[in-house]
Amino acid sequence: MVSTDRLSAFAALSLLLIVIPGPSVLFVIGRALAHGRRAALTTVVGNTIGAYTLVVAVALGVGSVVQRSVLVFTALKFAGAAYLVYLGVKAWRQRGSLRAAFTGSEAAPHGGLRTLWEGFAVGVANPKTVVFFAAVLPQFVDREQGHVPGQMLLLGLVFNVIAIASDSLWGLVASAARDWFARSPRRLSVVGGVGGLTMIGLGVTVAVTGRKD
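Residues numbered from 1 in each chain as written. Predicted model: local features only at pLDDT ≥ 70, side-chain atom pairs only at ≥ 80, totals over all residues. Heavy atoms only, no water.

Here the focus is the overall build of the chain. A tally of helices and strands in the chain yields 10 helices and zero strands. Traced from its N-terminal end to its C-terminal end, the chain shows the element sequence α-α-α-α-α-α-α-α-α-α. In the chain, buried positions account for 44% of the 213 residues. Of the contacts formed within the chain by residues at least 6 apart in sequence, a portion of 87% connects residues at least 24 apart. Accessible surface, the chain as shown: approximately 10200 Å² in total, 67% of it carbon and sulfur. (Helix = DSSP H or I, 4+ residues; strand = E, 2+ residues; numbered from the N terminus. Buried < 20%, exposed > 50% of the residue type's maximum accessible area, 1.4 Å probe, protein only. Contact = heavy atoms within 4.5 Å. Areas by Shrake-Rupley, 256 points an atom, 1.4 Å probe, with all protein chains shown as cover.)

As structure tokens, then:
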């Protein structure tokens, strides 16, 4: 249903967004540093379930409206672009506060179900992911092929496969390098600054590209 070119382009854009340390990534890292590798990976699973819940909601609810209305599509696209730029600026300005997220806490270990639920809650409420699925995902749907919800579900699956791999890597690295990160606030600031600038660039890209008809 989705051409190889569209699928590849969507995967590349998804990867660019996913690798930026946003709310979900920081939460996974926080779990890794506070509670260890198992908690981090359980959080990733919950986060992925939450994110795919958003995909289903967009595919079954927003997809048909966006498909038929250029006005709705354009409004979503520019709202999404503006919000991505806003998140990027915010990440840049608050890059020094990443230290708190990386150092975590020494609270007692969470149970598996509680950790899974917390990951789900962060994934389903992640504003960056909401904006991406509502404003960017529809741009890669081929309306002439039909089955718009199915195309969105497939694209969302691609996004989440990349996300679970990337977030798991972040969690594993954080759990293995907690002392190295905690010793240097400057390292944390660089992570936040690069992430913020990349998100701003992604927002500008979303604003100037996409469907015109």
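One way to put it is that helix 1 (residues 4-18) packs onto helix 7 (residues 127-136) with a least axis distance of 12 Å and a crossing angle of 160 degrees. When the axes of helix 1 and helix 7 are compared, the pair comes out roughly antiparallel. As for how helix 1 packs across helix 7, the hand of that crossing is right-handed. Residue-level inspection shows Phe10, Leu13, Ser14 and Leu17 of helix 1 in contact with helix 7, the latter providing Lys128, Phe132 and Val136. (Axes fitted to C-alpha atoms, helices over the stretch in contact; angles between N-to-C directions. Parallel < 35°, antiparallel > 145°, perpendicular 65-115°, else oblique. Left-handed = near helix turned anticlockwise from the far one by under 90°.)

Turning to the packing of aromatic side chains, a few remarks are in order. How two aromatic rings sit relative to each other is given by the distance of their centres and the angle of their planes. The full count for this structure, using the stated rule, is six aromatic pairs. Residues phenylalanine 10 and phenylalanine 132 carry aromatic rings whose centres are separated by 5.7 Å and whose planes lie at 40 degrees to one another, so their mutual orientation is tilted. Taken as a pair, phenylalanine 10 in helix 1 and phenylalanine 132 in helix 7 lie far apart in primary sequence, 122 residues in all. Counting every residue linked through ring pairs, the aromatic cluster contains Phe10, Phe132, Phe133, Phe140 and Phe159. (Phe/Tyr/Trp six-rings, centres within 6.5 Å; stacked < 30°, edge-to-face > 60°.)

Taken together, the side chains of Val45, Ile49 and Ile164 present a nonpolar region at the surface, about 210 Å² in accessible area. Residue placement: valine 45 occurs in helix 3 (residues 37-68). (Patch = residues over 30% accessible without salt bridge, like charges linked within 9 Å, V, L, I, M, F, W, Y side chains within 5 Å. Salt bridge = Lys/Arg side-chain N within 4 Å of Asp/Glu carboxyl O.)

With respect to the helices, strands and loops of the structure, threonine 53 is situated in helix 3. With relative accessibility at 33%, the residue threonine 53 sits in the partly exposed group. Through-space distance from the C-alpha of threonine 53 to that of glycine 123 is 8.8 Å; in sequence the pair is 70 residues apart. Sequence-distant contacts of threonine 53, that is, excluding residues within four places in its chain, are made with Phe120 and Val124.

As far as function goes, none of this settles anything; it's purely spatial.
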